[in-house]
Amino acid sequence: MYGTLKRGGENHMWIEDQQFVGEASTAPIYRMYELKGYPGMVRSQEGGLSIQGEVWSVDEAGLRHLDVLEDTEGGEYERMAVQLKGEFATQHVESYLYLRSVEGLLGAGTCW
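All values reported here derive from a predicted model rather than from experimental measurement. (Residues numbered from 1 in each chain as written. Predicted model: local features only at pLDDT ≥ 70, side-chain atom pairs only at ≥ 80, totals over all residues. Heavy atoms only, no water.)

**Q** Before we go on, may I ask you to explain a negative patch on the surface in this structure?
**A** A cluster of acidic residues, Glu16, Asp17, Asp59 and Glu60, forms a negative patch on the protein surface. Glu16 sits in the exposed class, given a relative accessible area of 53%. (Patch = residues over 30% accessible without salt bridge, like charges linked within 9 Å, V, L, I, M, F, W, Y side chains within 5 Å. Areas by Shrake-Rupley, 256 points an atom, 1.4 Å probe, with all protein chains shown as cover. Salt bridge = Lys/Arg side-chain N within 4 Å of Asp/Glu carboxyl O. Lys, Arg positive; Asp, Glu negative; His and termini not counted. Charge placed at Lys NZ, Arg CZ, Asp CG, Glu CD. Buried < 20%, exposed > 50% of the residue type's maximum accessible area, 1.4 Å probe, protein only.)

Right, here's the structure in full:
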């Protein structure tokens, strides 16, 4: 998880009853952009950065709720596997990647 879902973030209540596993960073093949008060992460083979986030163990009911928050049906985000560094590098970890155009959007750095 990254952005507003992380501990202390304004949407953390969506996952607070799930299990925190640890802090993590992606492989440097992603970029994060400022949307409207929240970030969107996309794959970026050129100029990618290592995005800081958290790994959570989320049950099926929790994933369904998160899919609603992230508007997966509406095509804003898609939950998919991401590549992490360090202790999570060999594990299957999913996150929400932003699907819409980022043209003209400001970069949001590596930590939101």
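**Q** Is there a simple way to explain the packing of aromatic side chains in this structure?
**A** Each aromatic ring pair is specified by the distance between its two centres and by the angle formed by the two planes. Applying the stated rule across the entire model yields two aromatic pairs. A ring pair is formed by Phe20 and Trp56, whose centres lie 5.4 Å apart and whose planes are at 70 degrees; its orientation type is edge-to-face. With a gap of 36 residues between them, Phe20 in strand β1 (residues 19-25) and Trp56 in strand β4 (residues 52-57) connect regions that are remote in the sequence. The class of Phe20 is partly exposed, set by a relative accessible area of 30%. Trp56 sits in the buried class, given a relative accessible area of 12%. Note on Tyr77 and Tyr98: the rings are 5.4 Å apart at their centroids and 65 degrees apart in plane angle, and the pair reads as edge-to-face. Of this pair, Tyr77 sits in strand β5 (residues 77-82) while Tyr98 sits in strand β6 (residues 93-98), and the two are 21 residues apart along the sequence. The burial state of Tyr77 is the same as that of Tyr98; both residues are buried. (Phe/Tyr/Trp six-rings, centres within 6.5 Å; stacked < 30°, edge-to-face > 60°. Helix = DSSP H or I, 4+ residues; strand = E, 2+ residues; numbered from the N terminus.)

Such coordinate-based values are descriptive only and should not be taken to indicate function.
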